[in-house]
Amino acid sequence: MKMFLILSFFLMIPSQTQADALLGIYYGNQGWDMKSVRDIETWQGKKHAVVKLFTDWSPANKANLFEHQLPAVWNNGSIPIINWELYTDANTSKNILAQVAQGHHDRYLESWMRKLKRFLAGKDNLYGNQDDRRVYLQFAHEMNSDWYLWSDDPINYVKTWRYLHQKFTSQGFDASHVQWVWCVNNIDKSDAKAESYYPGDAYVDWVGINGYNWGEQGKAHHWESVEDVFEKMRQRMLKFKKPMLISEVGSSSHVNGGHSLTKKSVWIQSFFNYVQQHDIGMVIWFNEDKDSDWGIYAGKYGTAKDQQHRYYYQTYRDAIANSKLLSANANHPRLLSDENFKGVRQQSTETVNLDVVAKQNTSMIRSKSLAKTLIMPSVDTDPYVELQLHHKKNWHGGYCATAELISHAQVNDWQIELALTGPLMGVWAAQFQSKKDFRVKIWPNEWNTTLLKGERVQFEFCAQGQLKDVVIAQLQSRPFQWKSYYDLPPLQIKQTFTSIWKGGYCVEFHLKNTSQQTVRWKKLHFRFANSRLKSHWNGKFLANQNHLNIQSEAWNQDIKADQKKDLGFCADGINQILLDKVVFY
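Residues numbered from 1 in each chain as written. Predicted model: local features only at pLDDT ≥ 70, side-chain atom pairs only at ≥ 80, totals over all residues. Heavy atoms only, no water.

**With respect to the overall build of the chain**
On a plain count of helices and strands, the chain comes out with 9 helices and 36 strands. Out of the 585 residues in the chain, the part that is buried amounts to 56%. Taking contacts inside the chain between residues at least 6 apart in sequence as the whole, the part at least 24 apart equals 72%. Accessible area for the chain stands at about 26100 Å²; split by element, carbon and sulfur atoms hold 48% of it. (Helix = DSSP H or I, 4+ residues; strand = E, 2+ residues; numbered from the N terminus. Buried < 20%, exposed > 50% of the residue type's maximum accessible area, 1.4 Å probe, protein only. Contact = heavy atoms within 4.5 Å. Areas by Shrake-Rupley, 256 points an atom, 1.4 Å probe, with all protein chains shown as cover.)

Right, dumping it as structure tokens:
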């Protein structure tokens, strides 16, 4: 397959550059287990700029914070972000906000500030010179929720925040040492809106949002896109004109009846695309399977395992390889420049070519787009997938682009060959091989080998030369095929592959009684193509190399008229499952 794309363009657009974002993590038991943090940094090939920890106002945790947690994070080469929760003990007063603002906890607060200044002074114990340390201070987060003592009281919340900020300022804590982070929940759960808790521009340095995709978990939760989770609140927070961070983020893999590792992988990729598109200045992944399987490394699930048999999501590692996601600077005595620490965003004017001409034989197609992103549509597409190249950035002598693959059918794998005019500088979120004459062969990482119908995946590449001279020399895909038997009255059976990765898959079976009376099913028998069963749900699964028997549990034998039953499993091997026999009575 051949395709030739000719582009002509010149337009000056004032725009905000895709600014750097600080890479952060919540992991390693809040500064106590830094080996876990080092393990994830070794796995991902990148240090974190910030590591998040939680602490409260109890005397015991004050000692832990300053004697162990903060030094451990700093000595690992990251800046701590202190999530400072307003609990004094198990019997914290419901009026704690008012009490702090009235000075009832000044003695504790003054001791806390002295210890913080000692930590910030660095090894020489002299505050105010080049070896000083830094922290982010996130006080009383998610105040617009309904699960904290500091919720539903915006007047006292604002008073307390300002009182604390003034106390710190009077003790010499400036913006190069402490950045104040005001962080809301992505959805208002209290009677008062998030904006009513805002302390004021003079008292806030960063505005943060916490949000999670809980997946499909019964009636309580449904699958949400990245935009569903963050965009409404992000739009509201723009009015404060502060650098923005996502202070907690995670995605479950839960889908009704099981887990979809593919859906979570796509969500992870979409999240980091969202970060770049919307100029988020810091991101902190919540890497702990707490309320759900949020983890992307060493959690309950993943698309692959490392040598220590820890699960991980390859998508995450690929996404954070982006040079715009910053580690701390090991050569800087304070780990970050003042600009990066403060999240300073810069404006620039870019030269972007927006006049696109795609040529095939003698036909010419001119793009009508006047957006910042230059889109090169695929003219002669593969029958199953379509490729678009989106211009991201120019520099003197080179460019970066995003390649978006759109699936029009379910495919097992895909492959692209691009003819460039200069050396390739790098590819992210895909595998590649540089060939002769600046040609590059690109194929998927294990997490996006199989594409479902309507699914979109992206990868990025940078190269010397100009995007207008790129030729898509080859675009190939292989359609996915399997057989499913539906005509088994009165029991209708459908099978759906919910996750497919290199070397394994998950499949769901949907049983429906199409008759007007109760049917009791006993057993399903499948021909099983060289697979090894890993996990299963809602049935008794017995498997050998070539056969799979699924027997009903006592509680799900009866299927009433027009009722549905779901069951399924995950396995390593080839994703070919052929229904052989159904036994019911």
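Still more to cover.
**Structural notes on the state of the cysteines**
Under the counting rule described, the total for this entry stands at 2 disulfides. Two residues share a disulfide in this structure: Cys 400 and Cys 462, whose sulfurs sit 1.9 Å from each other. Its S-S torsion of approximately 100 degrees makes the covalent link between Cys 400 and Cys 462 right-handed. Residue Cys 400 is located in strand S21 (residues 398–407), and its partner Cys 462 is located in strand S26 (residues 456–464); the two are separated by 62 residues in the primary sequence. Disulfide partner of Cys 506: Cys 570, at an S-S distance of 1.9 Å. (Disulfide = S-S within 2.5 Å.)

**Remarks on helix H1 (residues 34–44)**
H1 sits mainly inside the fold: 8 of its 11 residues count as buried. All buried positions along H1 are accounted for by Met 34, Ser 36, Val 37, Asp 39, Ile 40, Glu 41, Trp 43 and Gln 44. Buried residues along H1 sit in contact with strand S3 (21–26), strand S4 (50–55), helix H2 (59–75), strand S14 (311–312) and helix H8 (314–320). Looking one or two places after H1, you find Gly 45, whose phi comes out positive at around 70 degrees.

**What to know about the pairing of S3**
A large share of S3 lies buried, amounting to 6 of its 6 residues. Burial of the side chains of S3 extends over both faces: Ala 21, Leu 23 and Ile 25 are buried on one face and Leu 22, Gly 24 and Tyr 26 on the other. In this structure, S3 lies alongside strand S15 (residues 325–326), joined through 2 bridges in parallel fashion. Across the sheet, the residue bridging to Leu 22 is Leu 326, located in S15. Sheet topology note: the S3/strand S12 (residues 282–286) ladder contains 5 bridges and is parallel. Note that in S12 the partner of Ile 25 across the bridge is Trp 285. Considered for its hand, the β-α-β crossover made up of S3, H1 and S4 is right-handed. (Pairing = 2+ DSSP bridges. Right-handed = clockwise from strand over helix to strand, strands pointing away.)

**Looking at the sheet that holds strand S31 (residues 531–537)**
Pairing within the open sheet is antiparallel, and its 4 strands lie in the order S28-S29-S35-S31. The outermost strands of the open sheet, each flanked by one partner alone, are strand S28 (491–501) and S31. Recorded for the sheet is a direction-independent mean angle of 25 degrees between the axes of neighbouring strands. Note: S28 against strand S29 (residues 504–513), 10 bridges, orientation antiparallel. (Axes fitted to C-alpha atoms, helices over the stretch in contact; angles between N-to-C directions.)

**Let's talk about the pairing of S29**
Buried residues dominate S29, accounting for 8 of its 10 residues. Bridge analysis of S29 against strand S35 (residues 564–573) gives 9 bridges, and the strand direction is antiparallel. The partner of Glu 508 across the bridge, within S35, is Gly 568.

**Focus on the pattern of salt bridges**
Under the definition given, this model contains 21 salt bridges. Across the salt bridge formed by Glu 417 and Lys 435, the nearest N and O atoms sit 3.3 Å from each other. You can see Glu 417 sitting in strand S22 (residues 411–419) and its partner Lys 435 sitting in the loop between strand S24 (431–434) and strand S25 (439–443), a full 18 residues away along the chain. Judged by relative accessible area, which is 11%, Glu 417 ranks as buried. Relative accessible area serves as the criterion here: at 41%, Lys 435 is assigned to the partly exposed category. Among the salt bridges present, the one from Lys 512 reaches Asp 562, with a minimum N-O distance of 3.7 Å. Note that Lys 512 is positioned in strand S29 and Asp 562 in the loop between strand S34 (558–559) and S35, a separation of 50 residues in sequence. (Salt bridge = Lys/Arg side-chain N within 4 Å of Asp/Glu carboxyl O.)

**Looking at the packing of helix H6 (residues 226–237) against helix H7 (residues 261–277)**
For the pair H6 and H7, the least separation of the axes is 10 Å and the interaxial angle reads 25 degrees. Classified by the angle between their axes, H6 and H7 sit roughly parallel to one another. Each of Val 226, Glu 227, Val 229, Phe 230, Glu 231 and Arg 234 in H6 lies in contact with H7, whose residues at this interface are Trp 267, Ser 270, Phe 271 and Tyr 274. Tallied by class, residues from the contact of H6 with H7 come to 6 nonpolar, 1 polar and 3 charged. (Parallel < 35°, antiparallel > 145°, perpendicular 65-115°, else oblique. Nonpolar A, V, L, I, M, F, W, Y, C, P; charged D, E, K, R; others polar.)

**Looking at the packing of aromatic side chains**
Inspection of every chain in the model, using the stated rule, returns 46 aromatic pairs. Ring geometry for Tyr 26 against Phe 54: centres 5.5 Å apart, planes inclined by 85 degrees, an arrangement best described as edge-to-face. Taken together, the residues Tyr 26 in strand S3 and Phe 54 in strand S4 connect sequence positions 28 residues apart. Neither Tyr 26 nor Phe 54 differs from the other in exposure class; each is buried. (Phe/Tyr/Trp six-rings, centres within 6.5 Å; stacked < 30°, edge-to-face > 60°.)

**Observations concerning the nonpolar core**
In this structure, Trp 84, Leu 116, Tyr 136, Trp 182 and Phe 271 are the most contacted members of the largest nonpolar core, which totals 109 residues. Setting aside anything within four residues of it in sequence, one finds Trp 84 in contact with Thr 55, Asp 56, Trp 57, Tyr 108, Leu 109, Trp 112, Leu 137, Gln 138, Phe 139, Ala 140, Leu 164 and Phe 168. In this structure, Tyr 399, Ala 430, Ala 463 and Val 470 belong to the second largest nonpolar core, which totals 27 residues. (Core = buried A, V, L, I, M, F, W, Y, C linked by side-chain atoms within 4.5 Å.)

**Comments concerning the environment of Gln 516**
One can find Gln 516 in the loop between S29 and strand S30 (519–528). Considered as a pair, Gln 516 and Asp 562 are 46 residues apart in the sequence and their alpha carbons are 7.2 Å apart.

**With respect to helix H4 (residues 106–120)**
Taking 1.5 Å as the rise per residue, H4 with 15 residues should run 21 Å; its terminal C-alpha atoms sit 21 Å apart, in good agreement. Summarising the contacts, the buried residues of H4 are in contact with H2, strand S5 (79–84), strand S6 (135–139), helix H5 (154–170) and strand S7 (178–185). At the exit of H4 stands Gly 122, carrying a positive phi of roughly 85 degrees. (Expected span 1.5 Å × (residues − 1).)

**Re the confidence of the model for the chain**
On average, residues of the chain score 83 in pLDDT, and 86% of them reach the 70 mark or higher. For residues 1–17, every residue scores under 50 in pLDDT, and the model assigns this stretch 74 contacts once sequence neighbours within four places are set aside. Residue range residues 482–487 is modelled with pLDDT below 50. Its contacts to residues more than four positions away, or to other chains, number 15 contacts. (pLDDT = per-residue confidence, 0-100.)

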